Amino acid sequence: ISELQAGTPWTTISDASRATATQCLIDLGLVTGSLDTALDLEISKIFFPHGLGHLLGLDVHDVGPTGPVPEVLKDGMVVTCEPGLYFVDGRFASA
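Computed from a prediction, not measured in an experiment: that's the story for all the values here.

Peer 1: Would you mind showing me how to read the pattern of salt bridges here?
Peer 2: Side chains bearing opposite charge may pair, as long as their charged atoms lie close to each other. Applying the stated criterion across every chain yields a total of 1 salt bridge. Its salt-bridge partner being Glu42, residue Lys45 comes within 3.4 Å of it at the nearest N-O pair. According to the relative accessible area criterion, Glu42 is partly exposed, its value standing at 43%.

As structure tokens, then:
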């Protein structure tokens, strides 16, 4: 949440969210190995298969000039922040 400030690139925010989620999975013993290796292997996508959030406006999933997420947050932008870890049996088959 602290990363959600004007001037911050969305990729920075999203990457921080995935790193935090991945570290939680490691801390819980659900993922083994180092954080860097788990991030390189994109392990978080098994548990966190969606993006972090999207612009919010007149439509629930508003789309701006760069798509559903801004390239860089600007003053006055409203975005959702929806991190989540999902434990779906079918997703573990590929892991």
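Peer 1: Can you help me understand the nonpolar core in this one?
Peer 2: Side chains that are nonpolar tend, in soluble globular proteins, to be buried together. Judged by nonpolar contacts, Leu25, Ile26, Val31, Ala38, Ile43, Ile46 and Phe47 together constitute the single largest core of 7 residues. Listing elements by their share of this core, those giving two or more residues are helix H1 (10–27) and helix H3 (44–47). In contact with Val31, not counting residues within four places along its chain, are Leu25, Ile26, Ala38, Ile43 and Phe47. By size, the runner-up hydrophobic cluster in this structure holds 6 residues, among which are Trp10, Ile13, Leu52 and Leu73.

Peer 1: What's the story with the side chain of His54 in this structure? I'm lost.
Peer 2: Looking at the element boundaries, His54 is found in the loop between H3 and helix H4 (89–92). Polar side-chain contacts of His54 include one of 3.1 Å to the side chain of Glu82.

Peer 1: Even after reading the chapter, I still don't get the packing of aromatic side chains, so can you show me in this structure?
Peer 2: Each aromatic ring pair is summarised here by two numbers: the centre-to-centre distance and the angle between the ring planes. This model, assessed by the stated rule, comprises 1 aromatic pair. A cation over an aromatic ring shows up here: Arg18 above the ring of Phe48, its NZ or CZ 4.4 Å from the ring centre.

Peer 1: What's the story with a nonpolar patch on the surface in this structure? I'm lost.
Peer 2: Residues Leu28, Leu30, Leu85 and Phe87 make up a contiguous nonpolar surface patch of about 400 Å² in total accessible area. Inspection of the secondary structure puts Leu85 in the loop between H3 and H4.

What counts and what doesn't
- Residues numbered from 1 in each chain as written.
- Predicted model: local features only at pLDDT ≥ 70, side-chain atom pairs only at ≥ 80, totals over all residues.
- Heavy atoms only, no water.
- Salt bridge = Lys/Arg side-chain N within 4 Å of Asp/Glu carboxyl O.
- Buried < 20%, exposed > 50% of the residue type's maximum accessible area, 1.4 Å probe, protein only.
- Core = buried A, V, L, I, M, F, W, Y, C linked by side-chain atoms within 4.5 Å.
- Helix = DSSP H or I, 4+ residues; strand = E, 2+ residues; numbered from the N terminus.
- Contact = heavy atoms within 4.5 Å.
- Polar contact = N/O pair within 3.5 Å; in protein donor to acceptor, adjacent residues only side chain to side chain.
- Phe/Tyr/Trp six-rings, centres within 6.5 Å; stacked < 30°, edge-to-face > 60°.
- Lys NZ or Arg CZ within 6 Å of the ring centre and 35° of its normal.
- Patch = residues over 30% accessible without salt bridge, like charges linked within 9 Å, V, L, I, M, F, W, Y side chains within 5 Å.
- Areas by Shrake-Rupley, 256 points an atom, 1.4 Å probe, with all protein chains shown as cover.

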